[in-house]
Amino acid sequence: MGFARTCSVALVGVEGVVVEVQADLEPGVAAFTLVGLPDKSLTESKDRVRAAVVNSGSAWPQKKLTVGLSPASVPKSGSGFDLAVAAAVLGAAERIDPRVLADIVMIGELGLDGRVRPVRGILPAVLAAADAGYEQVVVPECAAAEASLVPGVSVLGVRSLRQLIAVLADEPVPDEEPDDLGRPDPLLAGLRMPGTGAATGMHSVGAAHHDPGHDLADVVGQYAARTAVEISAAGGHHLFLEGPPGAGKTMLAERLPAILPPLGRQDSLEVTAVHSVAGLLPPGKPLIDVAPYCAPHHSATMQALVGGGPHMARPGAVSLSHRGILFLDETPEFSSQALDALRQPLESGYVVIARSAGVVRFPARFQMVLAANPCPCGRFSQKEDFCECPSTLIRRYQARISGPLLDRVDLRVTVDRVTRDQLTVRGARGETTATVADRVRAARERAAARLADTPWRTNSEVPGRELRSRWHAVRGAMDEAERNLERGALTARGIDRVLRVAWTVADLKGHDRPDEVDVALALQLRTGVSRGAPMSIGALA
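Residues numbered from 1 in each chain as written. Predicted model: local features only at pLDDT ≥ 70, side-chain atom pairs only at ≥ 80, totals over all residues. Heavy atoms only, no water.

1. A short note on the overall build of the protein chain
Logical step 1: Broken down by element type, the protein chain carries 22 helices and 16 strands.
Logical step 2: Counting only C-alpha atoms, the protein chain reaches 85 × 50 × 45 Å along its principal axes.
Logical step 3: Residues classed as buried in the protein chain amount to 51% of the 541 residues present.
Logical step 4: Considering only contacts within the protein chain whose residues lie at least 6 apart along the sequence, 72% involve residues at least 24 apart.
Logical step 5: Placing the 58 positive and 62 negative side-chain charges of the protein chain at their respective mean positions leaves the two points 5 Å apart. (Helix = DSSP H or I, 4+ residues; strand = E, 2+ residues; numbered from the N terminus. Buried < 20%, exposed > 50% of the residue type's maximum accessible area, 1.4 Å probe, protein only. Contact = heavy atoms within 4.5 Å. Lys, Arg positive; Asp, Glu negative; His and termini not counted. Charge placed at Lys NZ, Arg CZ, Asp CG, Glu CD.)

2. Some points on the packing of helix α2 (residues 45-55) against helix α3 (residues 82-92)
Axis angle and axis distance: for two packed helices, these are the angle between their axes and the distance between the axes, and together they describe the pair.
Logical step 1: In contact at an axis separation of 10 Å, α2 and α3 are set at 60° when each is read in the N-to-C sense. Between α2 and α3, the angle is such that the two are oblique. Where α2 crosses over α3, the two elements pack in a sense that is right-handed. Contacts between α2 and α3 involve S45, R48, V49 and V53 from the former and D82, V85, A86 and L90 from the latter.
Logical step 2: Taken together, the residues of the contact of α2 with α3 sort by class into five nonpolar, one polar and two charged. (Axes fitted to C-alpha atoms, helices over the stretch in contact; angles between N-to-C directions. Parallel < 35°, antiparallel > 145°, perpendicular 65-115°, else oblique. Left-handed = near helix turned anticlockwise from the far one by under 90°. Nonpolar A, V, L, I, M, F, W, Y, C, P; charged D, E, K, R; others polar.)

3. Digging into the nonpolar core
Logical step 1: By size, the foremost hydrophobic cluster in this structure holds 55 residues, and its most contacted members are I231, L239 and I259.
Logical step 2: Looking at this core element by element, the count peaks at eight residues for helix α21 (residues 492-509).
Logical step 3: With residues up to four places along the chain from it excluded, the contact list for L239 reads A228, V229, S232, M368, V369, L370, V409, L411 and V413.
Logical step 4: Membership of the second largest hydrophobic core comes to 38 residues, among which are A10, A23, L42 and I165. (Core = buried A, V, L, I, M, F, W, Y, C linked by side-chain atoms within 4.5 Å.)

4. Observations concerning the pairing of strand β10 (residues 239-242)
Logical step 1: Here β10 pairs with strand β15 (residues 367-372) via four bridges, running parallel. For E242, the partnering residue across the bridge sits in β15 and is A372.
Logical step 2: Relative to strand β16 (residues 411-414), β10 runs parallel, the two being bridged by four bridges. Counterpart to L239 in the pairing with β16 is L411. (Pairing = 2+ DSSP bridges.)

5. Quick word on the sheet that holds strand β12 (residues 325-328)
Logical step 1: As summarised here, the arrangement of the five strands in space is β11-β12-β15-β10-β16, forming an open sheet in which the pairing is parallel. At either end of the open sheet lies a strand with only one pairing partner, and these are β11 (293-294) and β16.
Logical step 2: Inspection of the sheet shows β11 paired to β12 by two bridges, in the parallel sense. Its bridge partner lying in β12, Y293 is registered against I325.
Logical step 3: Against the sheet, helix α8 (residues 223-235) makes contact with β10, β15 and β16, and its axis sits at roughly 160° relative to β16, the strand it touches most.

6. What about helix α10 (residues 265-278)?
Logical step 1: For α10, built from 14 residues, the straight-helix expectation of 20 Å at 1.5 Å per residue is met to within 8% by its first-to-last C-alpha distance of 20 Å.
Logical step 2: Counting buried positions along α10 yields eleven of 14 residues, so the element is predominantly enclosed.
Logical step 3: Those residues of α10 that fall on the buried side of the exposure criterion are D267, S268, L269, V271, T272, A273, V274, H275, S276, V277 and A278.
Logical step 4: Residue G279 follows α10 closely and has a positive phi angle near 75°. (Expected span 1.5 Å × (residues − 1).)

7. Brief notes about the pattern of salt bridges
Logical step 1: Per the counting criterion, the structure on display carries 30 salt bridges.
Logical step 2: We note a salt bridge from R115 to D113, for which the minimum N-O separation is 2.9 Å.
Logical step 3: By relative accessible area, which is 33% here, D113 ends up partly exposed.
Logical step 4: The partner of R450 in a salt bridge is D507, and the shortest N-O contact between them spans 3.0 Å. Pair noted here: R450 is in helix α18 (residues 433-450) and D507 is in helix α21, with a separation of 57 residues, a long-range link.
Logical step 5: Residue class for R450 comes out partly exposed when judged on its relative accessible area of 21%.
Logical step 6: Where salt bridges share partners, they join E347, D407, R408, D410, R493, R497 and R526 into one cluster. (Salt bridge = Lys/Arg side-chain N within 4 Å of Asp/Glu carboxyl O.)

8. Let's talk about the packing of aromatic side chains
Logical step 1: Applying the stated criterion to the full structure yields two aromatic pairs.
Logical step 2: Taken together, a centroid distance of 6.5 Å and an interplanar angle of 25° make the contact between Y293 and F327 stacked. Residue Y293 is located in strand β11, and its partner F327 is located in strand β12; the two are separated by 34 residues in the primary sequence. Summarising the burial analysis for this pair, Y293 and F327 share the class buried.
Logical step 3: Above the face of the Y350 ring, R361 is positioned so that its terminal group lies 3.7 Å from the ring centre. (Phe/Tyr/Trp six-rings, centres within 6.5 Å; stacked < 30°, edge-to-face > 60°. Lys NZ or Arg CZ within 6 Å of the ring centre and 35° of its normal.)

9. Comments concerning a negative patch on the surface
Logical step 1: On the surface, D479, E482, E486 and E516 cluster together into a negatively charged patch.
Logical step 2: Considering every element that reaches the negative patch, the biggest residue donor is helix α20 (residues 479-487), with three residues.
Logical step 3: Judged by its relative accessible area of 71%, E486 is exposed. (Patch = residues over 30% accessible without salt bridge, like charges linked within 9 Å, V, L, I, M, F, W, Y side chains within 5 Å. Areas by Shrake-Rupley, 256 points an atom, 1.4 Å probe, with all protein chains shown as cover.)

10. Regarding the environment of P61
Logical step 1: Relative to the helices and strands, P61 resides in the loop between α2 and β4 (64-70).
Logical step 2: The class of P61 is buried, set by a relative accessible area of 12%.
Logical step 3: If we ignore the near neighbours within four places in the chain, the residues touching P61 are L25, V89 and A93.

Shown next, in the form of structure tokens:
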């Protein structure tokens, strides 16, 4: 009787569980049994592993073979267990010393010819292995850079099962012949899922980071909206842009990621883990260090926004935009059910999805940017009367964005129609992205220094009770906001958000505490009612 064991990782959302892969050989009729709650793709690994072992030059044991995945109560899915199953079988057949396999975690899919293909979720799987105390990990060669992001773990990248056998058996490692020059490496196909490219609006990098043509200076006029975008970036606040078609709402949203500071190490790992699980991690870029930007189409379902799927849930747009921007253009055209599903992750910073296969939790701390027309024709305005929509139709259209969702939005700005003079004047450009980004970075540093001994990093994350008890505005600065609360113009959540925005304005201006002008600007951006505060940050910085 032969027995060997090694380890792999089962992913539940972005969290991993180390699974012990055990192989047992007994005399009897040759058969291969796989137990331990596997799904269909994992059950098919029996044929993949057998063909890979034979085509790698090793003999398949002609005995009764049982492979167990422990703990058996955890659902296992995907093809990432192939490499561990093959190694355990070869260990039980004494082709490899079983003692060498016991403390190694193996992740990878096997082709029929023995090549090791990458799978989704390499980074969270290696993180789970490191948390469980394992120090040696074997992954596909093309995913070794992603696995190496985890400190304290020795990573071995292999291109084929033959190479793994040679390394573990202390034999000369064979050289694998490269594919034909000029053709894409077929092994890289496992790193991305079909239909998840940049054209879908669900990509992991904002266009502003890779297109130098996206600059804030290109936005004509819209000084109030530019100020709101800057405040949104500095404090991580949600933003609502309302205005006629062609006024520049989408232009402003697309330029918002470029003024955000680079992600920190921990945030980068969180974002990379989510995109790795979703199959959106681009080959050649193992670590995402810029804020993601997701802009789903208004026909997206609730499952596409918050996550879901027929079996084990997959991350949605709110998780793909974690630590970045979720831009919902033409917001009233989204289904009301999908929009209202955003309310819980906006408050908690994560989303929990329950399915029959299990309950998963995905991170979802994002900045939401909404853009909408004032009416179906888009020409409704308080200043001009070009709209022909009936008043009942306008109210019905605007009511598609529910009050509870809007109450969670800190900044609301009306983007006016661009005039002929603004569009044709020469030389009067606004501040560039680089100038605004420097100011945003300085404001973030001030907030980070103030919140250094707390679990929060931006003003938008600080709970209201902490703001009221620890970080006060200048005496009398909040009087007008409190009067709005008494009149019902602000909710309790609303007055907390006004104070958060006021702290961000103070950080941008370099003030120690928010004064009356800072609070007036925050209140003006919250209610849309003019309070006499200048809608400009750069001139006062």
